[in-house]
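Spelled out from the first residue to the last, the chains are:
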Amino acid sequence: MTDHKRSWAHNLEEKMESIVENFKENRQSSKLMHGYFFFVDIIGLSDPDMSAKTQIKKLQILKQCIVRTSSFKRTSRKNMLIDQHGDGMSITFFQGPQIPLRLAIELQAELKKYNKGRLAPDTENVRIGLNSGICYVISDLNNNKTTWGPGIILAKRVMDFGDKNHILLTSSLAESLREISDEYKKIIKRVHDFKIEN
């Protein structure tokens with residue numbers, strides 16, 4: 001074996017050992033937690049006729065509108081995890097079941113202000129899914145903390161039922177919020193029973 005091949009094989013071996021170690025660390029460091037999930041995506045962002053530049057602009061607008069909400073500003077970064085997903089993002093909160101709903105309502109208000117006076121192609125419209133439940137806090141390939149598990153997966157599936165400007169909640173989160181205050185009883189309406197399949 002030439003020196004070059006030995007060096008290449010040694011580097012590959014070191015990388016494989018590093019990957020295995022990272023996997024062991026991630027498995028050991030994953031924490032089971034209860035979270036409150038906010039999942040949002042931008043309607044029509046995957047349109048093949050939309051330029052990448054426009055798609056990026058729409059993602060930036062979404063981020064700016066979220067950052068302007070009081071729910072986001074008031075929540076400590078230690079009590080949330082933010083993940084970017086294809087057409088939008090998810091935020092997992094670790095305190096208060098009302099935070100995702102408040103954020104959703106405030107985000108819709110920010111987007112309404114943004115859209116005022118704009119032509120339809122320049123408007124920003126989203127759909128939002130909310131849930132609460134268990135999740136694991138794990139490290140991704142870049143060693144950043146992220147969430148995974150049935151709670152966040154269900155939030156996305158609920159969102160997938162939505163359309164322009166919809167805020168959809170799972171029945172378990174809706175019932176928890178309706179028990180908290182009369183305000184939530186007024187604004188949270190039963191829509192329909194849906195069967196979610198794998």
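Please refer to the structure placed before this passage.
Cut-offs applied
Residues numbered from 1 in each chain as written. Predicted model: local features only at pLDDT ≥ 70, side-chain atom pairs only at ≥ 80, totals over all residues. Heavy atoms only, no water. Helix = DSSP H or I, 4+ residues; strand = E, 2+ residues; numbered from the N terminus. Expected span 1.5 Å × (residues − 1). Buried < 20%, exposed > 50% of the residue type's maximum accessible area, 1.4 Å probe, protein only. Arc of directions from axis to C-beta. Contact = heavy atoms within 4.5 Å. Salt bridge = Lys/Arg side-chain N within 4 Å of Asp/Glu carboxyl O. Phe/Tyr/Trp six-rings, centres within 6.5 Å; stacked < 30°, edge-to-face > 60°. Lys NZ or Arg CZ within 6 Å of the ring centre and 35° of its normal. Axes fitted to C-alpha atoms, helices over the stretch in contact; angles between N-to-C directions. Parallel < 35°, antiparallel > 145°, perpendicular 65-115°, else oblique. Left-handed = near helix turned anticlockwise from the far one by under 90°.

Peer 1: Go over helix 2 (residues 52–68) with me, naming the residues and quoting the values.
Peer 2: Under the 1.5 Å per step criterion, the end-to-end length of helix 2 is 25 Å for 17 residues, consistent within 8% with the ideal 24 Å. Within helix 2, the full set of buried residues consists of Lys58, Leu59, Ile61, Leu62, Cys65 and Ile66. Seen along its axis, helix 2 keeps its buried residues to an arc of 155°; they face one direction. For helix 2, exposure combined with an orientation more than 90 degrees from the buried face picks out Lys53, Ile56 and Lys57. Of the surrounding elements, those touching the buried residues of helix 2 are strand 1 (31–42), helix 3 (70–74), strand 2 (80–85), strand 3 (88–93), helix 4 (98–115) and strand 4 (126–139).

Peer 1: I'd like a rundown of helix 6 (residues 171–180), residues and numbers included.
Peer 2: Those residues of helix 6 that sit buried are Leu173, Ala174 and Leu177. What you see down the axis of helix 6 is that its buried residues fit within an arc of 100°, all on one side. Opposite the packed face of helix 6, turned more than 90 degrees from it, sit the exposed residues Ser171 and Glu179. Against helix 4, strand 4, strand 6 (167–169) and helix 7 (182–187) lie the buried residues of helix 6.

Peer 1: Before we move on, can you summarise the pattern of salt bridges with the specific residues and values?
Peer 2: Counted according to the given criterion, the structure contains seven salt bridges. Across the salt bridge formed by glutamate 110 and arginine 68, the nearest N and O atoms sit 3.1 Å from each other. Of the two residues, glutamate 110 sits in helix 4 while arginine 68 sits in helix 2, which places them 42 residues apart along the sequence. Notably, a salt bridge pairs lysine 113 with glutamate 110, separated by 3.5 Å at the nearest N-O pair. Of this pair, lysine 113 and glutamate 110 both sit in helix 4, three residues apart, roughly one helical turn. Under the relative-accessibility criterion, glutamate 110 is labelled buried at 13%. Among the ionic contacts, a cluster of salt bridges with common partners joins Asp41, Arg127, Lys156 and Asp160.

Peer 1: Break down the packing of aromatic side chains for me, with residues and values.
Peer 2: In this structure the tally under the stated criterion is zero aromatic pairs. Stacked on the ring of tyrosine 114, the Lys or Arg arginine 118 has its end atom at 3.7 Å from the ring centre.

Peer 1: Pulling in residues and values, what's your account of the side chain of asparagine 115?
Peer 2: Tracing the backbone through its elements, the reader meets asparagine 115 in helix 4. Those residues in contact with asparagine 115, other than ones at most four positions away along the chain, are Thr123, Glu124 and Asn125.

Peer 1: So what about the packing of helix 2 against helix 4? Which residues, and what values?
Peer 2: It is at 9 Å that the axes of helix 2 and helix 4 come closest, and there the two elements cross at 125°. In terms of their interaxial angle, helix 2 and helix 4 are classed as oblique. Between helix 2 and helix 4 lies a crossing of right-handed hand. Taken together, the residues of helix 4 that come into contact with helix 2 (itself represented by Lys57, Ile61, Leu62, Cys65, Ile66 and Arg68) are Leu103, Leu107, Glu110, Leu111 and Tyr114.

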